[in-house]
Amino acid sequence: MSLAGKTILMSGGSRGIGLAIALRAAADGANIAMLAKTDTPHPKLEGTVHSAADAIGAAGGQALPIVGDVRDDAQVTEAVLKTQGEFGGIDIVINNASVIDLSRSLDLSAKKYDLMQDVNVRGTFMLSRAAVPVLRESANPHILSLSPPLNLSPKWLGAHTGYTLAKYGMTMATLGIAAEFADDGIAANTLWPRTTIATAAVQNLLGGDRVMAASRTADIYADAAYSVITKPAREYSGQTLIVEDVLEADGVTDFSKYAAVAGTPDDRLFPDIFLD
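Below you will find a few notes about this structure. (Residues numbered from 1 in each chain as written. Predicted model: local features only at pLDDT ≥ 70, side-chain atom pairs only at ≥ 80, totals over all residues. Heavy atoms only, no water.)

### Quick word on helix 3 (residues 73–87)
Next, step 1: Here helix 3 spans 21 Å end to end across 15 residues, near enough to the 21 Å set by a 1.5 Å rise per residue.
Next, step 2: For helix 3, the full list of buried residues reads Val 76, Ala 79, Val 80 and Thr 83. Taken end-on, helix 3 shows its buried residues confined to a sector of 95°, consistent with a single buried face. Of the exposed residues in helix 3, those oriented more than 90 degrees away from the buried face are Ala 74, Leu 81, Gly 85 and Glu 86.
Next, step 3: Where helix 3 is buried, its residues contact strand 1 (7–11), strand 2 (31–36), strand 3 (62–67) and helix 4 (110–135).
Next, step 4: Put simply, Asp 72 is the residue that caps the front of helix 3, since its side-chain oxygen is 3.0 Å from the backbone nitrogen of Ala 74.
Next, step 5: At the exit of helix 3 stands Gly 88, carrying a positive phi of roughly 90°. (Helix = DSSP H or I, 4+ residues; strand = E, 2+ residues; numbered from the N terminus. Expected span 1.5 Å × (residues − 1). Buried < 20%, exposed > 50% of the residue type's maximum accessible area, 1.4 Å probe, protein only. Arc of directions from axis to C-beta. Contact = heavy atoms within 4.5 Å. Polar contact = N/O pair within 3.5 Å; in protein donor to acceptor, adjacent residues only side chain to side chain.)

### Observations concerning the nonpolar core
Generally speaking, nonpolar side chains in soluble globular proteins are found buried as a group.
Next, step 1: Counting residues in hydrophobic clusters, the biggest one holds 77 residues, and the most contacted among them are Ile 8, Ile 32 and Leu 191.
Next, step 2: Setting aside residues up to four positions removed in sequence, Leu 191 forms contacts with Leu 144, Ser 145, Leu 146, Ser 147, Tyr 221, Ala 224, Ala 225, Leu 241, Ile 242, Val 243 and Val 246. (Core = buried A, V, L, I, M, F, W, Y, C linked by side-chain atoms within 4.5 Å.)

### Observations regarding the packing of aromatic side chains
Next, step 1: One pass over the full model with this rule turns up five aromatic pairs.
Next, step 2: Where Phe 255 meets Tyr 258, the ring centres are 6.4 Å apart and the plane angle is 35°; that geometry is what we call tilted. The same class applies to Phe 255 and to Tyr 258, which are both buried.
Next, step 3: An aromatic cluster of at least three residues, connected via ring pairs, comprises Trp 156, Tyr 163, Tyr 168, Trp 192 and Phe 274.
Next, step 4: The ring of Tyr 226 has Arg 24 lying over it, and the distance from NZ or CZ to the ring centre is 3.8 Å. (Phe/Tyr/Trp six-rings, centres within 6.5 Å; stacked < 30°, edge-to-face > 60°. Lys NZ or Arg CZ within 6 Å of the ring centre and 35° of its normal.)

The quantities given are spatial measurements derived from coordinates; they are silent on function.
Okay, here's the thing in structure tokens:
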């Protein structure tokens, strides 16, 4: 199944994994609306919603950059209506926007805790909910959240409780939506990688150059996301999926092309969090 003519509404996406997913869809000729805050260049982060839109157009897709905040209900509703008005519907929602802070509980500020809850959990729920009436009209509607499986090991529950709550909240919201709207044929799944992905978050928060060099590129996430959102929605829902498992099920056995540093063997890659 191709994404040609299909419409994606994504939270975030100015850079990193979200942009990689958008570019993979754009190669098919997909329409991609992006609800993102980055209107002007950030001093430490590359890309804006406008530069992302330019890249999507260059890759063969149609882009609709929407400057807005997934925490604002009115702006979320407006993004859904703008996307529907521009492209005639919505086929796929990707909950990509996320805030990360790995501080221990006593060091985590209340403001950052609230921000993670608002963007990660509430944003996922509100954007998905706002899009459901439009998704119902799609022939193959999907919701995909970039969040991990629910691993209740004390290792992960206690590692960074505030962040764990926020990411697991994304997953629980997605699984709940999958169950609630199963009769409407709306698929809702989550997707998470086995290894770290070479993004600004890894560079700035998880270990700098050392971990970046032991990561995979965002292309592996994009290829797995593409596989998920092109599957029959009624047959593929309510799952907490792992990037590499998705690709392996599609017959991919060699992941070497995804190494951020060419030639890095798989056993030298840095494992991502939440997976044992």
